[in-house]
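# An overview of the molecular structure
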Amino acid sequence: MSDEITALQHFDDASLDTAFAALAEQVRRETASLSDPEAFRLHWLGRKQGRLKLISEAWLKSAPPEAKRALGIRFNQLKEQIEAALEAPAAGSSKTTVQGIDITLPGTLRTPGIPHPLLKTMHEIVSVFHHLGYSTNLGPQVESDFYNFEALNFPENHPARDTQDTLVIASQQSRPSRDRLLMRTHTSPVQIRTMIAQAPPIRIVIPGKVHRNDAADATHSPIFHQIEGLCVDTNITFSDLKGTLDHAMKALFGSDVKTRFFPSFFPFTEPSADVQISCIFCGGKGCRKCKHSGWIELLGCGMVDPAVFAAVTAERRKVNPSDDAYNPEKITGFAFGMGVERIAMMLHGVSDIGHFYSGDMRFLEQFA
Ligand code: DAH
């Protein structure tokens, strides 16, 4: 570093440019191999003995008043150059610390978020139905006995009402049984909420969290997710239900997939059916996953039971005594319900439901 301060003879713009270009070049050379940024800073910007200060004093003193402004502007530019060199490592510099910051250390990594595999599956299922003209409805997770069971035609002592299956909210005994609160055991109560609130036609899907007093194992969790569907209109038949679900299963699992419907029972549908799809692992030939049957049971469905329409009508008549929107002589409907975890496990070959809730990044990152 040359510390000599040569006096300026001329103060015209060209002479100033030459003098400052020499200084700028000196700064450039020093920053190209900056080993001690603090020493560099003191050398140029030190308050008392800094080179900039000394030069500016020497040159300003001898400068004619009309040149002071031009001189000042060039000093500021030089100062900015020095400060910029201190903020960023100089180009070509092999040194990695600037002002005590080791720029080779990994920075704060901000990984973009991804939808959780369960949410992703839920979106995929819901979107199949959106394309069929369905809209989405949501309902509360803390539900009353009326919506969760009574209006859905669950007989008084149906085992599903039993505390073995249902997680009930404490201290509800003093309430009338229909108002007692519980954690909803399925998304079906939102069917009731929707029909009470709106007249047909209805085409909705209801994704959401449900709770059961189940011990956790590889395929069970006390909290899981379902997607419910409801379609109510004039002339809705069982073949509409079959066609809709057959289409949905093909959209989700591939167009080769076949569906079949088995008689089943749900209190809120009549007739009811379980839907099976041809095994997506063996193509229906029979394997360990489908217990060598070639079929996998996936969801429940059925035609809305007239008793459900009756419960809905009774509620709607509390507001409008002549309401007849859900007269089973005029309208019919179908409903279905499926478990999201089960479908996500099949789609992605997940063998333990617990992975979904573990928060283990090694598992979750596979869905990025
Ligand atoms: N709510 C039933 C359950 O959790 C699933 C279900 C079956 C829903 C048939 C429906 C249906 O809407 O029609 O097991």
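Within an unreviewed UniProt entry, the label attached to the protein chain reads Phenylalanine--tRNA ligase alpha subunit, and the organism entered is Tunturiibacter gelidiferens. As recorded by UniProt, the Sequence similarities (unreviewed entry) comment attached to the protein chain reads in full: "Belongs to the class-II aminoacyl-tRNA synthetase family. Phe-tRNA synthetase alpha subunit type 1 subfamily." Per UniProt, the protein chain carries the Subcellular location (unreviewed entry) text "Cytoplasm".

## Focus on the site of the ligand
In the neighbourhood of the ligand, 15 residues make up the surrounding shell, with His186, Ser188, Arg212, Gln226 and Glu228 lying closest. At a separation of 2.9 Å, an oxygen atom of the ligand approaches a polar side-chain atom of Arg212. Backbone polar atom of Phe336 to an oxygen atom of the ligand: 3.2 Å apart, as the coordinates give it. For the ligand, whose free accessible area comes to 360 Å², the fraction covered by protein is 88%. Taken together, the elements giving at least two residues each to the shell around the ligand come down to strand 7 (223-233), strand 10 (295-304) and strand 11 (332-339). Among the residues forming the shell around the ligand, the class breakdown is 5 nonpolar, 8 polar and 2 charged.

## Some thoughts on the sheet that holds strand 9 (residues 269-278)
If you walk across this open sheet you meet the 7 strands as 3-6-7-11-10-9-8, and the pairing is mixed. One side of each edge strand has no neighbouring strand; the edge strands of this open sheet are strand 3 (135-136) and strand 8 (259-266). With 5 bridges connecting them, strand 10 and strand 11 associate as antiparallel partners. Across the sheet, the residue bridging to Met303 is Phe334, located in strand 11. Together, strand 3, strand 6 (202-211), strand 7 and strand 11 form the strand contacts of helix 5 (residues 117-130), whose direction differs from that of strand 6 by roughly 165°.

## As for the domain arrangement of the protein chain
Looking at the protein chain, the domain boundaries give domain 1 (13-87) and domain 2 (117-367). Taking only C-alpha atoms into account, the centre of domain 1 sits 76 Å from that of domain 2.

## Details of the pairing of strand 7
In terms of residue burial, strand 7 counts as a mostly covered element, since 10 of its 11 residues are buried. Judged from the 10 bridges that link them, strand 6 and strand 7 form a sheet pairing that is antiparallel. Bridge pairing links His211 to Ile223 in strand 7. Across 8 bridges, strand 7 lies against strand 11 in antiparallel orientation.

## Observations regarding the packing of helix 5 against helix 8 (residues 238-253)
One can describe the packing of helix 5 onto helix 8 by two numbers: an axis separation of 10 Å at closest approach and a directional angle of 135°. One finds that helix 5 runs oblique with respect to helix 8. You can see that helix 5 and helix 8 cross each other, and the crossing is right-handed. For the pair helix 5 and helix 8, contact is made by Glu124, Ile125, Val128 and Phe129 and by Thr244, Leu245, His247, Ala248, Ala251 and Leu252, respectively. Grouping the constituent residues of the contact of helix 5 with helix 8 by class yields 7 nonpolar, 2 polar and 1 charged.

## A short note on the pattern of salt bridges
As enumerated under the stated definition, the model contains 18 salt bridges in all. Across the pair Arg41 and Glu38 runs a salt bridge whose closest N-O atoms are separated by 2.9 Å. In this pair, Arg41 and Glu38 both sit in helix 2 (residues 37-45), 3 residues apart, roughly one turn of the helix. Looking at Glu38, the relative accessible area reads 42%, which means it is partly exposed. A salt bridge links Arg178 to Asp179; its shortest N-O distance comes to 3.9 Å. Among the charged side chains, a network of salt bridges with common partners joins Arg178, Asp179, Glu315 and Lys318.

What counts as what
Residues numbered from 1 in each chain as written. Predicted model: local features only at pLDDT ≥ 70, side-chain atom pairs only at ≥ 80, totals over all residues. Heavy atoms only, no water. UniProt positions renumbered as here; feature names shortened; annotations may be inferred. Near = heavy atom within 4 Å. Polar contact = N/O pair within 3.5 Å; in protein donor to acceptor, adjacent residues only side chain to side chain. Areas by Shrake-Rupley, 256 points an atom, 1.4 Å probe, with all protein chains shown as cover. Helix = DSSP H or I, 4+ residues; strand = E, 2+ residues; numbered from the N terminus. Nonpolar A, V, L, I, M, F, W, Y, C, P; charged D, E, K, R; others polar. Pairing = 2+ DSSP bridges. Contact = heavy atoms within 4.5 Å. Axes fitted to C-alpha atoms, helices over the stretch in contact; angles between N-to-C directions. Domains from an automatic or database assignment. Buried < 20%, exposed > 50% of the residue type's maximum accessible area, 1.4 Å probe, protein only. Parallel < 35°, antiparallel > 145°, perpendicular 65-115°, else oblique. Left-handed = near helix turned anticlockwise from the far one by under 90°. Salt bridge = Lys/Arg side-chain N within 4 Å of Asp/Glu carboxyl O.

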